[in-house]
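Chains, contacts and geometry: an overview
If you want the building blocks of each chain, they are given just below.
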Amino acid sequence: MGLVLDFFKNVYIWAAVTSWFIAQTVKLFLCFFKEGKMDFHLYASTGGMPSAHTATVMGLAMAIGRWEGLSSSVFAIALIFATVVITDALHLRREVGRHAQKLQELTGKKFDVSSGHTPSEVLIGALIGILIGWIL
């Protein structure tokens, strides 16, 4: 029972999960204001404003930085991990989305074209993660 309680008391997990949840909720409300409907499928989506991947890894990194110290080895690991995830979202996954769009045009089949992020989507996701990671 103690292990389960320890898991739920882990501030680093809560920072990451809360950052993800807030970023996905922002997507939900942006969709509502744009399209006039609540699309709860967005909680399972990738791509779009803001980047939940970026929010998640930055929330984790900032919580580690706050509680373990910005000069700690675990913060350095988390920041490098965040950099890899963010770079992937900006480049590789964004390119996958472009390829999916082109394949959709060429074949007429439906593909998920919302993969990847623009720099502004990543920036807003990072700000959400930094704020939540530092607050928790």
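Worth saying up front: this structure is predicted, and the values here are computed from it rather than measured. Counting of residues starts from 1 at the beginning of each chain's written sequence and follows it residue by residue. Only residues with pLDDT of at least 70 are given local features in this predicted model, and only at 80 or more are side-chain atom pairs given and counted; all residues enter the totals for whole chains, interfaces and linings. Note that water and hydrogens are dropped before the side-chain values are worked out from all heavy atoms of the structure.

Structural notes on the packing of helix 2 (residues 11-35) against helix 5 (residues 119-135)
Angle between the axes and distance between the axes: these two values describe a pair of packed helices. Basically, it comes down to this: A fitted line through C-alpha atoms serves as each axis, taken over the contacting stretch for helices, and the angle formed by two N-to-C directions is quoted from 0 to 180°. Labels follow the DSSP assignment, with helices taken as runs of H or I lasting at least four residues and strands as runs of E lasting at least two, numbered in each case from the N terminus. Put simply, angles under 35 degrees are roughly parallel, angles over 145 are roughly antiparallel, angles from 65 to 115 are roughly perpendicular, and the rest are oblique. By convention, the crossing between two helices is left-handed when the near helix turns anticlockwise from the far helix through less than a right angle, and right-handed when the turn is clockwise. Only heavy atoms enter the contact rule, under which two residues are in contact if any of them lie within 4.5 Å. For this classification, Asp, Glu, Lys and Arg are treated as charged, while Ala, Val, Leu, Ile, Met, Phe, Trp, Tyr, Cys and Pro are nonpolar and the rest, including Gly, are polar.
In the contact formed by helix 2 and helix 5, the axes pass within 9 Å of each other and the chain directions differ by 140°. In this view, helix 2 runs oblique relative to helix 5, as classed from their interaxial angle. Like other packed secondary-structure pairs, helix 2 and helix 5 cross with a definite hand, here right-handed. Where helix 2 abuts helix 5, its residues A15, T18, S19, I22, A23 and V26 lie against I128, G129, I132 and G133. A class-by-class count of the residues in the contact of helix 2 with helix 5 yields six nonpolar, four polar and no charged.

A short note on the pattern of salt bridges
How we decide: Salt bridges are defined by distance alone: a side-chain nitrogen of Lys or Arg within 4 Å of a carboxyl oxygen of Asp or Glu. Note on exposure labels: buried denotes an accessible area under 20% of the residue type's maximum, exposed denotes more than 50%, and partly exposed covers the range between, all computed with a 1.4 Å probe on protein chains only.
In the structure shown here, the tally under the stated rule is one salt bridge. Residue E105 is joined to K102 by a salt bridge in which the shortest nitrogen-to-oxygen separation is 3.5 Å. Here E105 pairs with K102, and both are found in helix 4 (residues 73-107), just three residues apart, close to one helical turn. The exposed category is assigned to E105, whose relative accessible area is 53%.

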